[in-house]
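Given next are the chains, with one letter for each unit.
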Amino acid sequence: MVTINQTALADFLSAKDDTPIVMLNLLRFDPDGGRQRHFEYLEMAAPILARFGAKILFRGDGLPVLTDGDVKMWDSVLLVQYPSRAAFMAMVEDPDYQVAFQVGKSALADIVLQPLKQTEIPG
């Protein structure tokens, strides 16, 4: 089920930071046609992402997990870069995106959205 933690979203958006962010999307598809609906979502979302300066950096299917412990297998991973937090929020609030989001949401059994900020490697 796709639910957004409103407190976490508000904290993320309140940061005064105009640097690009990358959103890690860990996806588990609904077993009843979720993968196909996800492809439909991507087709709908592509021009909307472009309008807000966002782009998909990587999309890949999950392979078996190699680590022990409390791990989950994910069907797919997306890395989407946004020019800023404000651009991400503007896209999310866009009426066209809201239509696409309903299709994307129907495709998923589970999701993790993890914003990432680039850091330099020391040395």
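Everything that follows concerns the structure shown earlier in this document.
Presented here is an overview of the structure given in this document. (Residues numbered from 1 in each chain as written. Predicted model: local features only at pLDDT ≥ 70, side-chain atom pairs only at ≥ 80, totals over all residues. Heavy atoms only, no water.)

## Some thoughts on the environment of Ile-48
If you trace the backbone, Ile-48 turns up in helix α2 (residues 34-51). Once the C-alpha coordinates of Ile-48 and Tyr-97 are considered, the two residues, 49 residues apart in sequence, prove to be 6.6 Å apart. Setting aside anything within four residues of it in sequence, one finds Ile-48 in contact with Met-91, Asp-94, Asp-96, Tyr-97 and Ala-100. (Helix = DSSP H or I, 4+ residues; strand = E, 2+ residues; numbered from the N terminus. Contact = heavy atoms within 4.5 Å.)

## Overview of the packing of aromatic side chains
Under the definition given, this model contains 4 aromatic pairs. Taking 5.1 Å as the distance between ring centres and 80 degrees as the angle between the ring planes, the aromatic pair formed by Tyr-82 and Phe-88 counts as edge-to-face. With respect to class, Tyr-82 is no different from Phe-88; both count as buried. Centroid distance Tyr-97 to Phe-101: 6.1 Å. Interplanar angle 35 degrees. Geometry classified as tilted. A residue pair is termed a helical-turn pair when its members lie 3 or 4 positions apart in one helix, as Tyr-97 and Phe-101 do in helix α4 (residues 95-106) at 4 residues. For Tyr-97, a relative accessible area of 8% puts it in the buried group. Taken together, Phe-12, Tyr-82 and Phe-88 form an aromatic cluster joined through their ring pairs. (Phe/Tyr/Trp six-rings, centres within 6.5 Å; stacked < 30°, edge-to-face > 60°. Buried < 20%, exposed > 50% of the residue type's maximum accessible area, 1.4 Å probe, protein only.)

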